[in-house]
Structures are given as structure tokens and as C-alpha cells.
Amino acid sequence: NLVFRRQSGETITFPATGPRTITLTGADENGATASTSITVNVVEAPPGSPPVVSISLPTPDQILQASLSTTLAGTATDPNGNQASITYQWTVTYNNIVVPIGTAPLMSWTPSSAVPFSCGGRAARITLSATDADGTGSDFRDVFISYPPC
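Quick summary incoming for the structure in this document.

Judged by pairing direction, the sheet is mixed, and its five strands sit side by side in the order β6-β12-β11-β8-β9 without closing on themselves. Across the chains shown, the open sheet's two edge strands, defined by having one partner strand only, are β6 (63-65) and β9 (97-102). Strand-to-strand twist across the sheet, computed as the mean angle between neighbouring axes with direction ignored, equals 40°. Here β6 runs beside strand β12 (residues 135-146); their pairing, made up of three bridges, is parallel.

Now for the sheet that holds strand β7 (residues 70-77). Reading across the sheet, the three strands line up as β5-β7-β10 and stay open at both edges, with antiparallel pairing between neighbours. A strand with exactly one partner marks an edge of an open sheet, and here the two such strands are β5 (52-57) and β10 (106-109). Pairs of neighbouring strands in the sheet enclose a mean axial angle of 25°, with direction left out of account. As defined by bridge partners, β7 adjoins β10 across four bridges and the pair is classed as antiparallel. When the bridges of β10 are listed, Thr71 appears paired with Ser108.

The rules behind the values
- Residues numbered from 1 in each chain as written.
- Predicted model: local features only at pLDDT ≥ 70, side-chain atom pairs only at ≥ 80, totals over all residues.
- Heavy atoms only, no water.
- Pairing = 2+ DSSP bridges.
- Helix = DSSP H or I, 4+ residues; strand = E, 2+ residues; numbered from the N terminus.
- Axes fitted to C-alpha atoms, helices over the stretch in contact; angles between N-to-C directions.

Shown next as C-alpha cells:
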């Protein structure tokens, strides 16, 4: 599977090998559109490839209430077919501080347990890393942890 990742962490996965065309279309506020396309050739992952990781929750740029539990959900696929050997690690990063928050692909998390109070809130990055004998793959979501104003 080829995975296309935008900066926001969204992915596109192709279920089979072969040529694929990716088209990007943009629109402005007046409704004018423009498109561009690229053709890629999807190939099998080489032996020894790390897991391919995808986060489904939280969504990109989601606002998380600091004191409320939220669901973190992600998956990892071993391109070499050895799903049983994958281990997971969730982290949250704020102000260049990285805090481990869990080790299951699906879990509940309360942001205030790892991200300290900041007047009005702060930006953070939630990352899911998956590791097997062939290395580590990861995906991320940029979120905002909402705290009350001061």
C-alpha cells in the first residue's frame, strides 16, 4: 500500500499495486477552481519496512477540552504481514516537551493529565508510533487543548 500524507496527517492508502492518478482540486472564495494531477506507480513495500500508521481520532485540528476524556484511535499495518509483533506508543508534544500517554491503539485520554494549564489553552501534537522488528512508523494530529481563560 502507498500512503500519501499531507501535513495535517491525513492519509490516502491504495489497496493494490499499479499506476494510480492523484488529482488535487482547489477552489477560491469566488468558486473558481483549478486542478492538477500526478500519476504514481504503487509497488509492494520492500522487505524490512516499518509499520504504516494511521490515526482516525482525534481529527485534524480538533479542539480538545482539557478536563474531558477523549478517544485516541489509530491503526498500524505491517507491510510484511507480521501484525502480532507491533507495539504502540502515543505521545503528546507541547512547547517541545514530549510526554508518553499510552500504549494501546485505542484508548481514552484526558488532556489535563499530561498537558499543564495554560491560560486559554495551547497547541499540541498527538503522535502514534508503531514499532516492530523492522523499525518504527508514525502518524500525528495537531490539536488544540482548551483551558479556561485567565
